[in-house]
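Okay, here's what each chain looks like letter by letter:
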Amino acid sequence: MLVFLDVDGTLIPFGADRPYPVYKAAHPLPETVAHPLLSRVDPALGARLAGLVALGCELVWATTWLDDANTSLAPWLGLPALPVVEWPDEGDEPRPGPRGLHWKTRPLVARAAGRPFVWIDDEITDADRAWVAGHHPSPALLHRVDHRHGLTERDFAVLAEWVSAGGGPVPRSPE
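Criteria and cut-off values
- Residues numbered from 1 in each chain as written.
- Predicted model: local features only at pLDDT ≥ 70, side-chain atom pairs only at ≥ 80, totals over all residues.
- Heavy atoms only, no water.
- Helix = DSSP H or I, 4+ residues; strand = E, 2+ residues; numbered from the N terminus.
- Contact = heavy atoms within 4.5 Å.
- Phe/Tyr/Trp six-rings, centres within 6.5 Å; stacked < 30°, edge-to-face > 60°.
- Buried < 20%, exposed > 50% of the residue type's maximum accessible area, 1.4 Å probe, protein only.
- Pairing = 2+ DSSP bridges.
- Axes fitted to C-alpha atoms, helices over the stretch in contact; angles between N-to-C directions.
- 1 Å grid on protein atoms, 1.4 Å probe; cavity = no way out; pocket = protein on both sides within 12 Å on 5 of 7 lines; lining within 4 Å.
- Points joined across faces, edges and corners; volume = space filled by probe spheres on them.
- Nonpolar A, V, L, I, M, F, W, Y, C, P; charged D, E, K, R; others polar.

**Student:** Pulling in residues and values, what's your account of the overall build of the protein chain?
**Tutor:** Broken down by element type, the protein chain carries 5 helices and 4 strands. Reading the helices (α) and strands (β) of the protein chain from amino to carboxyl end gives β-α-β-α-α-β-α-β-α. Restricting the contact set of the protein chain to residue pairs at least 6 apart, pairs at least 24 apart contribute 63%.

Listed below in C-alpha cells is the structure:
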C-alpha cells in the first residue's frame, strides 16, 4: 500500500496562534541538510512513519519539495531516501478538474495505478474524496491533517487502523 506524504502543513506545522516547539535532530546532520523550517519537524515522526512501513506501506513524497525532501527531511527524520512523485509540468494537465479538486489528486491516482493508497495532506477536501472514489478501483484513504499541528498521535492511530484493516471503511474526516 502506498502512502503519499505531503510536507508543508503535514510534517511542518504552520498557522497556529502559539509558538512552535524547536526540535533538534537526533543525530548529526550534514550541513547540506540545513533548512529554516526543519526545527519545526519533530524528528520522532520518522519512527512513527517507519511504523507504517512495518505495516507493509511504501512511503512516497507527495510534495512540491520534490527530491529536496530526501536531502533535508529524510535525514532529519532518520528515514532513507523515498520515492518522489514527479508532478506534471504546468500546462501538461489535459483539462481543469472539477471545482475544488486539488491539483495533486489526479497525479496521485495515476501514480497509484490501481493500488490501494493513503494520501496525507492538509489541503484535502470532499471534492478530492469524491473524485478518487469515482476514479480509483482500490481502497484509498485521503487523510486531512490540521496544518496548525501537523501529524499527531491521533492521525497515526487513524492511519494504522485503516492500513491494518486492509483499507477498510474510511473513517470520518476530522474536518
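More follows now that the structure is in view.
**Student:** Please give an account of the packing of aromatic side chains that cites residues and values.
**Tutor:** Tallied over the full model, the rule gives 2 aromatic pairs. Ring plane angle 70° and centroid distance 4.9 Å describe the contact between tryptophan 87 and tryptophan 103, whose orientation is recorded as edge-to-face. Here tryptophan 103 lies in the loop between helix 2 (68-77) and helix 3 (105-112) and tryptophan 87 lies in the loop between helix 2 and helix 3, a separation of 16 residues in the sequence. By relative accessible area, tryptophan 103 is classed as partly exposed at 44%.

**Student:** Break down the sheet that holds strand 2 (residues 58-61) for me, with residues and values.
**Tutor:** Taking strand neighbours across the sheet as the criterion, the 4 strands line up as 2-1-3-4 in an open arrangement whose pairing is parallel. Only two strands of the sheet have a single neighbouring strand rather than two, namely strand 2 and strand 4 (140-144). Recorded for the sheet is a direction-independent mean angle of 20° between the axes of neighbouring strands. Relative to strand 3 (residues 117-121), strand 1 (residues 2-5) is paired through 4 bridges, and the arrangement is parallel. Residue pairing across strands places leucine 5 opposite isoleucine 120, the latter belonging to strand 3. Where helix 3 meets the sheet, it contacts strand 1, strand 2 and strand 3, and its direction lies at approximately 155° from that of strand 1.

**Student:** Kindly report on the pairing of strand 1, identifying the contributing residues and their values.
**Tutor:** Here strand 1 shows a buried face lined by Leu2 and Phe4 and a second buried face lined by Val3 and Leu5. Alignment of strand 1 against strand 2, held across 4 bridges, turns out to be parallel. Its bridge partner lying in strand 2, leucine 2 is registered against glutamate 58.

**Student:** Lay out the environment of proline 137 with the relevant residues and their values.
**Tutor:** With respect to the helices, strands and loops of the structure, proline 137 is situated in the loop between helix 4 (126-135) and strand 4. Here proline 137 falls in the exposed class, since its relative accessible area comes to 73%. Here the alpha-carbon distance between proline 137 and arginine 115, two residues 22 residues apart in the chain, equals 8.0 Å.

**Student:** Run through the layout of surface pockets, naming residues and quoting values.
**Tutor:** Space inside the largest pocket adds up to approximately 230 Å³. Surrounding the largest pocket, 17 residues form its lining, Pro13, Tyr23, Asp42, His149 and Leu151 being those nearest its centre. Of the residues belonging to the lining of the largest pocket, the class tally is 8 nonpolar, 3 polar and 6 charged.

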